[in-house]
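Coordinates in review
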Amino acid sequence: MKIEKIEIRYLEGKLSEPFGWSQRWTDIRSVINIKVITDQGIVGWGETFGSKETLDSVASVLKIAIGEDPRFIQKIWNKLYRATFQGHVFAKSAVYAISALDTALYDIVGKAENKSASEILGGRLRDSIPVYATGLYYSENYAFEPLIKEAEEHAINGFKGMKMKIGALTLKEDSERVIAVKKTIGDNIKLMFDANEAYDPINAVRFSKLVSDIELEWFEEPCASRDDKANKYVQTNSNIPTSGGESLSTRWDIVPRMVNNIFDIFQPDICAVGGPSEMHKVGVIAQTLGKKFNPHFWGTGISFAAALHSLSVQPLSQIGMNDIPYENESVLECDRTPHPVRENLTENIFVPKDSRIDVPTGDGLGINVDEDALRQFTQGSVLIIDSPSSGQRIF
């Protein structure tokens, strides 16, 4: 079996109402989608981050895989990594391409062998994954009532944890919002908050002190994600555990920060870390180093399925008789914000039950892509690559 062709698309959906976080407002949701086709007609799906402008650079990396046998997943991963290493694989286009392709290969191999991706990864340790709701973004005029209403809805829907945004308003204003949400959901539901790199270390620590009278699960991305000195200062001085890692890629980017305790909790995203292969490696290293491992998610059903499979083979952070979410069992982000592409591209098989979602049991990723929706959300031309790389790559 050989990889014969790869189709690359930029998908975008318009939101009915914009929402915001510390860095900006958005009125769209988007993703780069890849369709990998073998000479036997087996199709595998993958996705990653980027824009129409990054399609060419992603394509230039994916060309390296044309002609390879998709069953040799680790060989292909290392081939692409080695080919892009001196071109700064961490500079996103390369590792985004690797992440999307790696996801698609698990889909292909699973379909070829009538196995799920988790079986290809070594066999699941659990059949469902604990999840928390991500939402509680800023709405128009930074309105307060919609924030509280949304928190109530997540609680009614059975989520045992939820994450909200901070960093766009004053420290005092955002602290009041955090305290109000926590009061609304009560002591039995965990609350996390995400600054999206908004603060310098002094203000981050000040913020943690403003909300120190309530129990909070973690403080996400307090400072710039690669400012290790700033993040280490917050980790040392905050009474709330800190988290980060969604912007980091591969074990070489993440593990040194684990060793140096830059964050208490690490949150790689399967679309950026290097796909299921690398997510599993980083997760096992996290367990080895005694670090909590709660991956980030911001895509469609394709990458969500891949993340579920990856966490199904993730060992407990600390071995014990029982799996306890947040304590020794990894939890996965479950995006509840509007996303027209996510809501239409795959069937809605990801239904939370008691704040857990079942790992798909079908072959490969266990999802079906609606190709009518794929066409509907495609912006610009579809890039088709069917010949190996000439060695000239664009980053």
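Up top you'll find the structure we're talking about.
Computed from a prediction, not measured in an experiment: that's the story for all the values here.

1. Considering the overall build of the protein chain
Helices and strands together make up the secondary structure of the protein chain, namely 14 helices and 13 strands. Here the protein chain has a C-alpha radius of gyration of 20 Å; the compact-globule value for 395 residues is 21 Å, and the two agree. C-alpha extents for the protein chain along the principal axes are approximately 60 × 45 × 40 Å. Each of the 395 residues in the protein chain was classed as buried or not, and the buried ones make up 57%. For the protein chain, restricting intrachain contacts to residue pairs at least 6 apart in sequence, the fraction spanning at least 24 positions comes to 75%. When the accessible surface of the protein chain is summed, it comes to about 16,100 Å², and 48% of that surface belongs to carbon and sulfur atoms. Counting 43 positive and 54 negative side-chain charges, the protein chain places the centres of these two groups 4 Å from one another.

2. Section: the pattern of salt bridges
Enumeration over the complete set of coordinates arrives at 28 salt bridges. Linking Asp-323 and Arg-126 is a salt bridge whose minimum nitrogen-to-oxygen distance equals 3.6 Å. Taken as a pair, Asp-323 in the loop between helix 12 (301–312) and strand 11 (332–335) and Arg-126 in the loop between helix 4 (117–120) and strand 4 (128–134) lie far apart in primary sequence, 197 residues in all. By relative accessible area, Asp-323 is classed as partly exposed at 37%. In this structure, Lys-160 engages Asp-354 in a salt bridge whose closest nitrogen and oxygen atoms are separated by 3.2 Å.

3. Thoughts on unusual backbone geometry
At Thr-250, a position not held by glycine, the phi torsion is positive, near 65 degrees. With respect to the element layout, Thr-250 can be found in helix 9 (residues 250–259). What makes Thr-250 buried here is its relative accessible area of 1%. Phi is positive for Asp-354, which is not a glycine, with a value near 55 degrees. The topology assignment puts Asp-354 in the loop between helix 13 (340–345) and strand 12 (356–358).

4. Structural notes on the sheet that holds strand 13 (residues 383–385)
Across the sheet, four strands lie side by side as 3-2-1-13; this open sheet has antiparallel pairing. The open sheet has two edge strands with one neighbour each: strand 3 (43–48) and strand 13. Each neighbouring strand pair of the sheet contributes to a mean axis angle of 25 degrees, computed without reference to strand direction. Along the sheet, helix 1 (residues 55–62) makes contact with strand 1 (3–20), strand 2 (25–38) and strand 13, crossing strand 1 at roughly 150 degrees.

5. Let's talk about the packing of helix 3 (residues 93–113) against helix 11 (residues 275–288)
At a minimum axis separation of 6 Å, helix 3 and helix 11 run at an interaxial angle of 100 degrees. Our classification of the angle between helix 3 and helix 11 gives roughly perpendicular. Mapping the contact onto sequence places Ser-99, Asp-102, Thr-103 and Tyr-106 in helix 3 and Gly-275, Pro-276 and Ser-277 in helix 11. Among the residues making up the contact of helix 3 with helix 11, the classes are represented as two nonpolar, four polar and one charged.

6. A few points about the pairing of strand 5 (residues 161–165)
Residues in a regular strand point their side chains to alternate faces of the sheet. Extensive coverage of strand 5 is indicated by the burial of five of its five residues. Residues Gly-161, Lys-163 and Lys-165 point to one face of strand 5 and Met-162 and Met-164 to the other, with burial holding for every one of them. Inspection of the sheet shows strand 4 paired to strand 5 by two bridges, in the parallel sense. Its bridge partner being in strand 5, Thr-134 is matched across the sheet by Lys-163. For strand 5 and strand 6 (residues 190–194), the ladder comprises five bridges, and the chain directions are parallel. Considered in strand 6, the bridge of Met-164 is made with Phe-193. A crossover links strand 5 with its parallel partner strand 6, the connecting element being helix 6 (residues 171–185), and its sense is right-handed.

7. Brief notes about the side chain of Glu-278
Within the fold, Glu-278 resides in helix 11. Dropping the residues within four chain positions of it, Glu-278 is found in contact with Trp-77, Thr-250, Arg-251, Trp-252 and Val-273.

8. A closer look at the packing of aromatic side chains
Taken as a whole, this structure holds 21 aromatic pairs when the rule is applied. Note on Tyr-132 and Trp-218: the rings are 5.4 Å apart at their centroids and 80 degrees apart in plane angle, and the pair reads as edge-to-face. Residue Tyr-132 is found in strand 4, and its partner Trp-218 is found in the loop between helix 7 (201–210) and strand 7 (219–220); the two are separated by 86 residues along the sequence. Comparing Tyr-132 with Trp-218, the two get one shared label, buried. Among the aromatic side chains, those forming a connected cluster through ring pairs are Phe-19, Trp-21, Tyr-137 and Trp-298. One residue, Arg-29, lies across the ring of Trp-298, its end atom 3.6 Å from the ring centre. One Lys or Arg, Lys-190, reaches over the ring of Tyr-326 and ends 5.4 Å from the middle of that ring.

9. Brief notes about the nonpolar core
Counting 111 residues, the largest nonpolar core has Ile-6, Leu-101 and Phe-193 as its most contacted members. Per-element accounting of this core gives the leading share, 12 residues, to helix 3. Ignoring anything within four residues of it in the chain, the contact list for Leu-101 reads Ile-6, Ile-34, Val-36, Leu-62, Ala-65, Ile-76 and Leu-80. In terms of nonpolar packing, the next biggest core, distinct from the first, is built from six residues, Trp-218, Ile-265, Tyr-326 and Val-331 among them.

Each value, and the rule that gives it
- Residues numbered from 1 in each chain as written.
- Predicted model: local features only at pLDDT ≥ 70, side-chain atom pairs only at ≥ 80, totals over all residues.
- Heavy atoms only, no water.
- Helix = DSSP H or I, 4+ residues; strand = E, 2+ residues; numbered from the N terminus.
- Rg over C-alpha atoms; globule rule 2.2 N^0.38 Å.
- Buried < 20%, exposed > 50% of the residue type's maximum accessible area, 1.4 Å probe, protein only.
- Contact = heavy atoms within 4.5 Å.
- Areas by Shrake-Rupley, 256 points an atom, 1.4 Å probe, with all protein chains shown as cover.
- Lys, Arg positive; Asp, Glu negative; His and termini not counted.
- Charge placed at Lys NZ, Arg CZ, Asp CG, Glu CD.
- Salt bridge = Lys/Arg side-chain N within 4 Å of Asp/Glu carboxyl O.
- Pairing = 2+ DSSP bridges.
- Axes fitted to C-alpha atoms, helices over the stretch in contact; angles between N-to-C directions.
- Parallel < 35°, antiparallel > 145°, perpendicular 65-115°, else oblique.
- Nonpolar A, V, L, I, M, F, W, Y, C, P; charged D, E, K, R; others polar.
- Right-handed = clockwise from strand over helix to strand, strands pointing away.
- Phe/Tyr/Trp six-rings, centres within 6.5 Å; stacked < 30°, edge-to-face > 60°.
- Lys NZ or Arg CZ within 6 Å of the ring centre and 35° of its normal.
- Core = buried A, V, L, I, M, F, W, Y, C linked by side-chain atoms within 4.5 Å.

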